[in-house]
Amino acid sequence: GFISNMTIQRQFFPNDEDQTGAAKALLRLQDTYNLDTDTLSRGNLPGVKHKSFLTAEDCFELGKIAYTEADYYHTELWMEQALKQLDEGEVSSADKVYILDYLSYAVYQQGDLGKAMMLTKRLLELDPEHQRANGNMKYFEYIMAKEKEANKSSTDSEDQMEKETEVKKKDYLPERRKYEMLCRGEGLKMTPRRQKRLFCRYYDGNRNPRYILGPVKQEDEWDKPRIVRFLDIISDEEIETVKELAKPRVN
């Protein structure tokens with residue numbers, strides 16, 4: 001009865017691959033529109049009437065997916081959010097020890113040794129016998145001692161290291177950061193003279209018979225490199241048809 005029906009329907013349920021894909025998409029949207037992690041988690045998005053919240057466990061899972069992609073920047077953001085929500089009293093199955101373990105390593109990978117040590121100390125307060133944390137603490141203390149010895153005569157190098165760490169966090173992928181700015185309408189602005197060279201037209205595909213009968217609306221968006229927008233190339237009915245054809249292929 002019910003169990004056999006559920007077994008049949010299970011093939012249409014989201015799987016691990018779907019979850020990972022959705023998480024990556026959310027991280028991409030976060031960067032593209034410069035959304036604060038806490039804002040995303042609380043559901044305080046512009047124009048959203050019915051809020052959807054992320055639990056501490058949800059934040060932890062997002063951080064883990066970023067971690068498996070070696071994306072330590074987002075690992076730090078979402079592990080910190082998970083920890084923040086737990087510190088505020090949220091009841092969750094997420095474990096602070098696991099969160100701190102991921103978080104301290106992600107921070108260390110980005111070059112912030114001092115913060116990594118602080119987080120590892122907090123982890124050891126919760127679980128003094130944690131084998132990896134104890135090993136990491138000894139290693140961090142050894143590295144810190146070597147750095148202090150090397151920089152004993154000057155503090156300039158420490159200041160430079162802090163600046164490089166901050167730049168690394170902001171520019172972890174310079175090319176991505178540029179296109180994210182463009183998506184938000186930031187970056188280079190076109191001069192009025194260049195704007196005058198942009199036009200709208202009907203595109204016939206170099207006299208393609210199909211487009212001669214039904215030319216497509218084309219609008220210039222940018223000159224160099226040339227970027228154009230095609231308008232009204234597919235109807236609402238055609239969109240629904242494509243969606244119906246795609247449904248059997250969606251896992």
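Being a predicted model, the structure only gives us computed values, none of them experimental.

## Considerations on helix H5 (residues 72-87)
Logical step 1: Across its 16 residues, H5 extends 22 Å between first and last C-alpha, which sits within 8% of the 22 Å expected from 1.5 Å per residue.
Logical step 2: Among all positions of H5, only Tyr-72, His-74, Thr-75, Glu-76, Trp-78, Met-79, Gln-81, Ala-82, Leu-83, Gln-85 and Leu-86 are buried.
Logical step 3: Positioned one or two residues after H5, Gly-89 has a phi angle of 105°, which is positive.

## Considerations on the sheet that holds strand E2 (residues 216-222)
Logical step 1: Across the sheet, three strands lie side by side as E1-E2-E3; this open sheet has antiparallel pairing. Of all the strands in the sheet, the pair left with one neighbour each is strand E1 (200-203) and strand E3 (227-231). Strand after strand, the sheet turns through a mean of 35° between neighbouring axes, direction not considered.
Logical step 2: Across four bridges, the pairing between E1 and E2 is antiparallel. Opposite Tyr-203, over in E2, you have Val-216 as the bridge partner.

## Points about the packing of aromatic side chains
Logical step 1: A full pass over the atoms with the stated rule returns 10 aromatic pairs.
Logical step 2: Ring centres of Tyr-67 and Tyr-105 lie 6.0 Å apart, and the angle between their planes is 65°; this geometry places the pair in the edge-to-face category. Of this pair, Tyr-67 sits in helix H4 (residues 56-68) while Tyr-105 sits in helix H6 (residues 96-109), and the two are 38 residues apart along the sequence.
Logical step 3: Among the residues examined, Tyr-105 registers a relative accessible area of 31% and is labelled partly exposed.
Logical step 4: Ring geometry for Tyr-108 versus Tyr-139: centroids 6.1 Å apart, planes at 80°, classification edge-to-face. Of the two residues, Tyr-108 is situated in helix H6 and Tyr-139 in helix H8 (residues 131-150); the sequence distance between them amounts to 31 residues.

## A word on the nonpolar core
Logical step 1: One finds Trp-78, Ile-99 and Leu-103 to be the most contacted residues of the largest nonpolar core, which totals 31 residues.
Logical step 2: Listed by contribution, the elements that provide at least two residues to this core are helix H2 (16-32), H4, H5, H6, helix H7 (113-126) and H8.
Logical step 3: What Leu-103 contacts, discounting residues up to four positions off in sequence, is Glu-76, Met-79, Glu-80, Leu-83 and Leu-119.

Basis of the calculations
- Residues numbered from 1 in each chain as written.
- Predicted model: local features only at pLDDT ≥ 70, side-chain atom pairs only at ≥ 80, totals over all residues.
- Heavy atoms only, no water.
- Helix = DSSP H or I, 4+ residues; strand = E, 2+ residues; numbered from the N terminus.
- Expected span 1.5 Å × (residues − 1).
- Buried < 20%, exposed > 50% of the residue type's maximum accessible area, 1.4 Å probe, protein only.
- Pairing = 2+ DSSP bridges.
- Axes fitted to C-alpha atoms, helices over the stretch in contact; angles between N-to-C directions.
- Phe/Tyr/Trp six-rings, centres within 6.5 Å; stacked < 30°, edge-to-face > 60°.
- Core = buried A, V, L, I, M, F, W, Y, C linked by side-chain atoms within 4.5 Å.
- Contact = heavy atoms within 4.5 Å.

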